[in-house]
Amino acid sequence: MAWLGVLLLLGSCSFTYTSERKDYAVPRFNISLDLPPEERWKPIIEQYNFTELQRYMKHLLSLIKDHWLKSMYFIMADMYLDLLAPEPYAGEIRGIAKSFGLKTSEVTLINLFYETVMACTSIITETKEGYIYHGRNMDLYFSIDLRKLVMDVDFIRNGQIVYTGTTFTGIVGLYTGQSPHKFTISSNAREDNQVLWKNALSLLLRRYPVSWLIRDTLNSAPDFNSAVEILSHTEITAEMYLTIAGTKPGEGVAITRDRDGLADVLNLNVSDGRWFLVQTNYDRETLHPPHDNRMYYATQALNSTGQENINKDSLYKVLSTQNVITWGTVHTTMMSAASPEDYVSFIRNSMNYPQLPKKRYIT
Ligand SMILES: *[C@@H]1O[C@H](CO)[C@@H](O)[C@H](O)[C@H]1NC(C)=O
Ligand SMILES: *[C@@H]1O[C@H](CO)[C@@H](O)[C@H](O)[C@H]1NC(C)=O
Ligand SMILES: *[C@@H]1O[C@H](CO)[C@@H](O)[C@H](O)[C@H]1NC(C)=O
Ligand SMILES: *[C@@H]1O[C@H](CO)[C@@H](O)[C@H](O)[C@H]1NC(C)=O
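This report concerns the structure included in the present document. (Residues numbered from 1 in each chain as written. Chains lettered and ligands numbered in written order. Predicted model: local features only at pLDDT ≥ 70, side-chain atom pairs only at ≥ 80, totals over all residues. Heavy atoms only, no water.)

## Overview of the overall build of the protein
Turning to step 1, where the next piece is worked out: When its secondary structure is counted, the protein shows 11 helices and 14 strands.
Turning to step 2, where the next piece is worked out: Counting across all 363 residues of the protein, residues that qualify as buried make up 59%.
Turning to step 3, where the next piece is worked out: A separation threshold of at least 6 residues defines the contact pool for the protein, and within that pool the share at least 24 residues apart is 69%. (Helix = DSSP H or I, 4+ residues; strand = E, 2+ residues; numbered from the N terminus. Buried < 20%, exposed > 50% of the residue type's maximum accessible area, 1.4 Å probe, protein only. Contact = heavy atoms within 4.5 Å.)

## Observations concerning the packing of aromatic side chains
Turning to step 1, where the next piece is worked out: The full count for this structure, using the stated rule, is 9 aromatic pairs.
Turning to step 2, where the next piece is worked out: Relative to tyrosine 297, the ring of tyrosine 296 has its centre 5.2 Å away and its plane inclined at 90°; by these criteria the two rings are edge-to-face.
Turning to step 3, where the next piece is worked out: Centroid distance tyrosine 316 to phenylalanine 346: 5.4 Å. Interplanar angle 70°. Geometry classified as edge-to-face. Of this pair, tyrosine 316 sits in helix α11 (residues 312-319) while phenylalanine 346 sits in strand β14 (residues 344-347), and the two are 30 residues apart along the sequence. In terms of burial, tyrosine 316 and phenylalanine 346 fall into one category: buried. (Phe/Tyr/Trp six-rings, centres within 6.5 Å; stacked < 30°, edge-to-face > 60°.)

## Notes on the sheet that holds strand β9 (residues 240-245)
Turning to step 1, where the next piece is worked out: If you walk across this open sheet you meet the 8 strands as β2-β5-β6-β7-β8-β9-β10-β11, and the pairing is mixed. Strands at the two margins of the open sheet, each flanked by one partner only, are β2 (28-32) and β11 (261-267). When the angles between neighbouring strand axes are averaged without regard to direction, this sheet yields 20°.
Turning to step 2, where the next piece is worked out: Sheet topology note: the strand β6 (residues 160-168)/strand β7 (residues 176-179) ladder contains 3 bridges and is antiparallel. Pairing of glycine 165 across the sheet is with glycine 177, part of β7. (Pairing = 2+ DSSP bridges. Axes fitted to C-alpha atoms, helices over the stretch in contact; angles between N-to-C directions.)

## Examining the site of ligand 3
Turning to step 1, where the next piece is worked out: By nearness alone, every residue bordering ligand 3 is listed as Asn269, Ser271 and Asp272.
Turning to step 2, where the next piece is worked out: Here asparagine 269 contributes a side-chain N or O atom positioned 2.3 Å from an oxygen atom of ligand 3.
Turning to step 3, where the next piece is worked out: Here an oxygen atom of ligand 3 and a side-chain polar atom of aspartate 272 are 3.3 Å apart.
Turning to step 4, where the next piece is worked out: Relative to its unbound accessible area of 370 Å², ligand 3 is 32% covered by the protein chains. (Near = heavy atom within 4 Å. Polar contact = N/O pair within 3.5 Å; in protein donor to acceptor, adjacent residues only side chain to side chain. Areas by Shrake-Rupley, 256 points an atom, 1.4 Å probe, with all protein chains shown as cover.)

Structural data, given as structure tokens:
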């Protein structure tokens, strides 16, 4: 199977991460930004088992239970793609639909509404020497296992890596990414997101899908501060937490976003005792539910690690601490914009961690 071939190829990479569980690096692909959008993803999609891919996509769509609502979303998705969706995303989605043998409305819907279902943990740390690490767990509470679809992608223009990101096969946006030597970004869903129709309405108001804004920012923001500026103020379709890390001491920020602006912001500040930032899926000042207090357990793990011991190994361990990692954790991505070659995502074998009681579904 093509899939296995990809994994075997990756087996030659050397991993410095220590873990008792069988985590493995996700497949890594190049996307050429010099190709027309319609043609970019085809070579990647062809490496997957079509029957399986189609089954995944249909299953994702089946998470929208209400048939009337679903038909309406399909109509809106097509309208959006034809009238409003910006390039290169519209073209890439058309190309993907063609390669997959799915309707454009189906691929558009999957792309646009993914951002409503992520629950994640993002952490930025600063070492005593002022070196910045950024790690994230991507948690998805689906009844289907999407581990096979995760990929790291290097976006290439003129033979150079312009940016790198992690996504799922068929999804053109990025929820995790790196602009080499500049900054890294991760996004976490904010609770109000569960209401899909609000996001749909936002789209028609020409607000921007978050995962596309992240890709745009990685593509064109010249530095950390401009990235923070763009991600703080551009109108977006869904409420979101955005975590951005740079390359210099103090360059780390956790942003809480409303659709039309900034709700809250917190910076790294070592002189104020903040050598790390933790972001999960709850507002900082609210009480986090006891059954899902990843913030508490991550903070505790970082406290006991200590700033003098933080490095990519120990940060990975923090993200692997029980109650930080959960049964929904699909992948862990480790990045550091100052050392872009270290960007890597691992599939987590986390199914036997305690289940969160929360049921996630889409309306
Ligand atoms: C693709 O997946 C299907 C369903 O799991 C399987 O039956 C089929 O043999 C696979 N095809 C290839 C070429 O591996
Ligand atoms: C991806 O592109 C980079 C930069 O051009 C190149 O060095 C690398 O070999 C390519 N990787 C693959 C798998 O084609
Ligand atoms: C960091 O914290 C110190 C002490 O509270 C404060 O004086 C300083 O302005 C803060 N720096 C930034 C960049 O927020
Ligand atoms: C972590 O350490 C800080 C500073 O010492 C302390 O205020 C906080 O309560 C600790 N949190 C946990 C969860 O251990």
